[in-house]
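# Structural description and commentary
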Amino acid sequence: MPHHVPAGRARPLALVALVTLLLFSAEAFAQPGYQPSPENLKSRQWFLQARFGMFIHWGIYSELGDGEWVMQNHHIPGWQYEVLAAQFYPAKYDPAQWVSLAKQAGMRYIVLTARHHDGFSMFATRQNKYNVVDATPYGKDILRQLADECHRQGIKLFVYYSQLDWHHPDYFPLGDTGQWFGRPHNGQWPRYLDFMNAQLTELLSNYGEIGGVWFDGMWDKPDTDWQLPRTYGLIHQLQPGALIVSNHHKTPFPGEDYQTFEKDLPGANTTGWGGAPVSQLPLETNDTMYPSGSWGFDMHDLEPKSLRDLIQYLVRAAGNNANFLLNVGPMPNGEIQPAFANRLREIGEWMKSYGDSIYGTTGGPVKPGGWGATTQRGDTIYVHVLDPALKVLALPELPTPVHDAHLLSGGSNVPFRSSSDGLVLQLPPRGAGEIDQVIVLKLGS
């Protein structure tokens, strides 16, 4: 993921209710030159319902405990960096535990870094020897084990694939990163594209059903011809139901199936690189559990972000009609740090009580704000009150009358008053430690 510096609206209520009942048509996602297949549209509909996923940044960089950008940050030449591969042996890697933890957290899909910017492949590939099977004493296919376990436990697996490569000799001309002494200043760009497409063919052919491909790194050479139609066409040919997303921070290109926002809610652009217009495609926001902002294992972060911060971000993402892809960075031995695993289980406990207000919803009719957010499913609106200081909440007028208001947890009635100015809710006292007071509004006369 880049920790580089590369260069909410109210929704008509009737429309939102209709959208939650109908499958999206190809016309709703129209992109010039790209017609999604029926299998792809079905996958998009599933993605819209999923709302919560696990991101896993793991590679040989974990051995240094300084995040996934350690090669760039310390200008480590390729020949020296390869020493990490020669000693990589994750003796405690247990994909069954990873998948089980994701399910305990209420996550519906997993995205694993099959290859990050360091160019090292965490899967068996015939395209070079710089991979976990051929270059490490561990000698086993990390992705194969995780894919088999995802299929066994019934959770979708996506593969993260970096287009940027700080190691491959044909990644030339160099981009904005990787400009350190000792890198070859020659190479054949067409041959590098062939290499990537050959690896993608392996990923889409050898690991069963893949939920999609999560691209990253194109921002390193934004003006280069990446031959995206060729690559995207290859993926959709091999697995028509596989979704494609790219973390390029731009409006999605033809062939991409959803839009992701790094460390930002759609349209917010607090990072400075997330200012792309929000598209009509399914949406996702991705962020990490590490307070430092790292994606890969960072030994300096012993505790994850707070439960309150993570749940409120999940809620705000759903209120912006987006999934939340939450990252963990396993340790070099293959374990997820206990404090991070416990935090995920805590999120899962919250989802058991409040998941109905997240899964299968769309962003609600009221624009999210400091007070909270709304989500909607059919004739039900969920009002997520995130500000614990509020005693009364005034919402704008809703096009459809509200005939009932009650707490999602416990079912207690919530007094309300409707007028031409809007809807006023008298908020009940919050429970101790209540992160999100969810009020259920039932629509209809």
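Residues numbered from 1 in each chain as written. Predicted model: local features only at pLDDT ≥ 70, side-chain atom pairs only at ≥ 80, totals over all residues. Heavy atoms only, no water.

### A look at the overall build of the chain
We apply this condition: Put simply, DSSP H or I for four residues or longer makes a helix, DSSP E for two residues or longer makes a strand, and each gets a number counted from the N terminus. We compute the radius of gyration over the C-alpha atoms and compare it with the globule rule, which gives 2.2 Å times the number of residues raised to the power 0.38. Only protein chains enter the accessibility calculation, which uses a 1.4 Å probe; a residue whose area is less than 20% of its type maximum is buried, one above 50% is exposed, and one in between is partly exposed. For every accessible area listed, the method is Shrake-Rupley and the probe measures 1.4 Å; residues are considered covered only by the protein chains on display. Charge counting treats Lys and Arg as positive and Asp and Glu as negative, with His and both chain ends excluded. Think of each charge as sitting on NZ of Lys, CZ of Arg, CG of Asp or CD of Glu.
Across its full length, the chain holds ten helices and 16 strands. Computed over the C-alpha atoms, the radius of gyration of the chain is 23 Å, within 12% of the 22 Å expected from 2.2 N^0.38 for a compact globule of 445 residues. For the chain, the spread of C-alpha atoms along the principal axes amounts to about 70 × 45 × 40 Å. Counting the 445 residues in the chain, one finds 59% classified as buried. In the structure as shown, the chain presents an accessible area of about 17500 Å², 54% of it carried by carbon and sulfur atoms. The average position of the 33 basic charges and that of the 43 acidic charges among the side chains of the chain differ by 4 Å.

### Focus: the environment of leucine 146
The criterion, for reference: Any two residues whose heavy atoms approach within 4.5 Å at even a single point are treated as in contact.
Along the chain, the position of leucine 146 falls in helix α6 (residues 142-153). On the basis of relative accessible area, leucine 146 is assigned to the buried category, the value being 0%. For the pair leucine 146 and proline 95, spaced 51 residues apart in sequence, the C-alpha separation works out to 5.2 Å. Excluding anything up to four places from it in sequence, leucine 146 contacts Tyr93, Pro95, Trp98, Val99, Ile110, Leu112 and Leu157.

### Notes on the sheet that holds strand β8 (residues 322-328)
The strands making up a sheet are joined through hydrogen bonds of the backbone, oriented either antiparallel or parallel. Quick reminder of the rule: Between any two strands, pairing holds if DSSP finds at least two bridges. A fitted line through C-alpha atoms represents every axis, and for helices the fit uses only the stretch in contact; the resulting angles, taken between N-to-C directions, go from 0 to 180 degrees.
Strands sit in the order β5-β4-β3-β2-β1-β8-β7-β6 across an open sheet of eight strands; the sheet is parallel. Looking at the sheet topology across the chains shown, the edges are occupied by β5 (243-246) and β6 (259-262). Within this sheet the neighbouring strands show an average axis-to-axis angle of 25 degrees, counted without direction. As judged from the five bridges shared by strand β3 (residues 156-162) and strand β4 (residues 212-216), these two strands associate in the parallel manner. Bridged to phenylalanine 158 within β4 is glycine 212.

### What about the packing of aromatic side chains?
Condition: Side-chain rings of Phe, Tyr and Trp (the six-membered ring for Trp) are treated as a pair once their centres are within 6.5 Å; stacked means planes under 30 degrees apart, edge-to-face means over 60, and tilted covers the remaining angles. Here, over-ring charges are defined by two tests on the NZ atom of lysine or the CZ atom of arginine: distance to the ring centre within 6 Å, and angle to the ring normal within 35 degrees.
Under the definition given, this model contains 30 aromatic pairs. A network of ring pairs unites the aromatic residues Trp46, Phe47, Tyr109, Phe158 and Tyr258 as a single cluster. For the cation-ring pair, lysine 221 lies above tyrosine 171, with the distance from its terminal atom to the ring centre recorded as 4.7 Å.

### A word on the nonpolar core
The cut-off we apply is this: Side-chain atoms within 4.5 Å link the members of a nonpolar core, which is a set of buried Ala, Val, Leu, Ile, Met, Phe, Trp, Tyr and Cys residues.
By size, the foremost hydrophobic cluster in this structure holds 94 residues, and its most contacted members are Met54, Tyr81, Ile110, Leu146, Leu203, Leu326 and Leu344. For this core, the leading source of residues is helix α7 (residues 189-205), giving eight residues. Here isoleucine 110 is in contact with Met54, Ile56, Val99, Ala102, Leu146, Cys150, Ile155, Lys156, Leu157 and Phe158, once residues within four sequence places are set aside. If you look at the next biggest cluster of nonpolar residues, it comprises 18 residues, including Leu427, Ile439, Leu441 and Leu443.

### Here we look at the side chain of glutamate 284
Short version of the rule: Throughout this description, the term salt bridge denotes a Lys or Arg side-chain nitrogen within 4 Å of a carboxyl oxygen of Asp or Glu. Polar contacts, as used here, are pairs of N or O atoms within 3.5 Å; protein pairs need one atom able to donate a hydrogen and one able to accept it. Residues neighboring in sequence count only if both atoms are side-chain atoms.
Looking at where glutamate 284 falls in the secondary structure, it is placed in strand β7 (residues 283-288). An unpaired buried charge is present at glutamate 284: no salt bridge exists, and arginine 51, the closest side chain of opposite charge, is 9.3 Å distant. Side-chain polar atoms of glutamate 284 contact the side chain of tryptophan 214, separated by 3.0 Å. The residues touching glutamate 284, leaving out its near neighbours within four places in the chain, are Phe47, Tyr109, Trp214, Tyr258, Gln259, Thr260, Phe261, Ala322, Asn323 and Leu325.

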